[in-house]
Amino acid sequence: MGQLFSSLWATLFPSSRTYRLVLVGLDNAGKTTILYRLHLGQAVETHPTVGCNVESWSHRNLAFEVWDLGGQANLRPSWATYYRGTDAAVVVVDCTDRARIGIVKSEVGALLGHEHLAGAAVLVFANKQDCAGAMGPAELTTALGLDAVRRQAWHVQGCCGLTGEGLVEGLEWVSQRVAHLPPAPVGGVAPAVAPAAPAPAPAAAAPATAGTPAPTSTA
Ligand code: G3D
């Protein structure tokens, strides 16, 4: 999976441009699991993210950095301090955690409303699709009120951090959204993606089924 991921990015980003991604989500959403799955190709024993972890990855002449921001309540207010220059935000949601979906909606609303993310691509990973009773992508889209979002291009991708299912598909979407970006200014922070054109009404979402993620997106 890791190698496939690297190849994918190398193909889609054939330049020295560094893309900046922030990875956010409540604690226990599965951010660390997903990060390691994509990086190493295997799941690892995880520990709650403390503060902020930065992954700098490079492959051939492409480079990108992933800012994994801690999800505990006391750390969430600091997320916005990392948004400047961000090309894409990746939000990981524990789809079994219905009790906290209101908190997720509030945090996603704040993210979408932040000025520095006005032009960023927003990928939502509907994680833990392997678990019985997990919200599927369509249900999560509704729960987060994403259908009303026109400011950013967004996409909800069902996935399973443990197996890696759905992860590359989600990152493919991100890559397509940011691939047209100009080279980063020398010594500067890479600019965010140009604001997406107002999105058409999304097509009816396919029913979400575990293991066969049904993406719901505007693009
Ligand atoms: P965080 O970094 O967002 O805080 P972690 O979350 O990556 O530490 O994951 C929290 C727990 O969820 C871990 O379990 C991890 O194995 C589990 N998890 C992550 N993704 C999935 C998934 O897709 N399916 C299932 N079933 N579990 C997942 P533990 O038991 O180590 O706390």
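For every chain, the first residue of its written sequence is number 1, and the numbers climb from 1 along that sequence. Owing to the predicted nature of the model, reporting of local features is limited to residues with pLDDT of at least 70; listing and counting of side-chain atom pairs is limited to 80 or more, with chain, interface and lining totals taken over all residues. The basis for every side-chain value is the complete set of heavy atoms in the structure, and neither hydrogens nor water enter the calculation.

A. Layout of the environment of Glu55. A run of DSSP states H or I qualifies as a helix once it reaches four residues; a run of E qualifies as a strand once it reaches two. Both are numbered from the N-terminal end. Within the element layout of this structure, Glu55 appears in strand β2 (residues 52-59). Remark: the alpha-carbon pair of Glu55 and His39, spanning 16 residues in sequence, is separated by 9.0 Å.

B. Structural view of the packing of helix α3 (residues 101-113) against helix α4 (residues 137-144). One way to put it is that α3 packs onto α4 with a least axis distance of 9 Å and a crossing angle of 65°. Here α4 runs roughly perpendicular to α3, going by the angle between their axes. Residues Ile101, Val104, Lys105 and Val108 of α3 pack against Leu140, Ala143 and Leu144 of α4. Fitted lines through C-alpha atoms give the axes, limited to the stretch in contact for helices. The angle between two N-to-C directions lies from 0 to 180 degrees. For this classification, under 35 degrees means roughly parallel, over 145 means roughly antiparallel, 65 to 115 means roughly perpendicular, and everything else is oblique. In what follows, a contact means two residues having at least one pair of non-hydrogen atoms within 4.5 Å.

C. The pairing of strand β1 (residues 18-24), seen in detail. Here β1 lies mainly inside the structure; 6 of its 7 residues are buried. Bridging between β1 and strand β4 (residues 88-94) involves 4 bridges; their strand directions are parallel. Its bridge partner lying in β4, Leu21 is registered against Ala88. In this scheme, a residue with accessible area under 20% of its type's maximum is buried, one over 50% is exposed, and one in between is partly exposed, where area comes from a 1.4 Å probe on protein chains only. Strand pairing requires that DSSP identify at least two bridges connecting the strands.

D. Seen up close, the packing of aromatic side chains. Centres within 6.5 Å make a pair out of two Phe, Tyr or Trp rings, where for Trp the six-membered ring is used; the pair is then stacked when the planes are under 30 degrees apart, edge-to-face when over 60, and tilted otherwise. This structure, assessed with the given rule, holds 1 aromatic pair. Their ring planes at 45° and their centres at 5.6 Å tell us that Trp67 and Tyr82 sit as a pair that is tilted. On the criterion of sequence distance, the pair formed by Trp67 in strand β3 (residues 62-69) and Tyr82 in the loop between β3 and β4 is long-range, its members being 15 residues apart. Accessibility expressed as a relative area gives 23% for Tyr82, which makes it partly exposed. In this structure, Arg20 is placed above the aromatic ring of Trp67, and the distance from its NZ or CZ to the ring centre is 4.5 Å. Both a distance and an angle decide whether a charge sits over a ring: NZ of Lys or CZ of Arg must be within 6 Å of the ring centre and within 35 degrees of the ring normal.

E. Representation of the pattern of salt bridges. Just to be clear on terms, a salt bridge is a Lys or Arg side-chain nitrogen sitting within 4 Å of an Asp or Glu carboxyl oxygen. What the rule picks out here adds up to 7 salt bridges. Where Asp27 meets Arg100, a salt bridge forms, and the shortest distance between an N and an O atom there is 3.1 Å. In this pair, Asp27 is assigned in the loop between β1 and α2 (31-40) and Arg100 in the loop between β4 and α3, connecting sequence segments 73 residues apart. On the accessibility criterion, Arg100 (21% relative accessible area) is partly exposed. For the salt bridge of Arg100 with Asp97, the shortest nitrogen-to-oxygen distance reads 2.6 Å. Salt bridges sharing common partners tie together Asp27, Arg76, Asp97, Arg100 and Glu107.

F. A look at the state of the cysteines. Cysteine sulfur atoms that pair up within 2.5 Å are treated as a disulfide. Under the counting rule described, the total for this entry stands at 0 disulfides. As a non-bridged cysteine, Cys95 has Cys159 as the owner of its nearest cysteine sulfur, 7.7 Å distant. When its relative accessible area of 0% is taken as the criterion, Cys95 is described as buried. In this model Cys160 remains outside any disulfide bridge; the closest cysteine sulfur is found in Cys159, 7.3 Å from its own.

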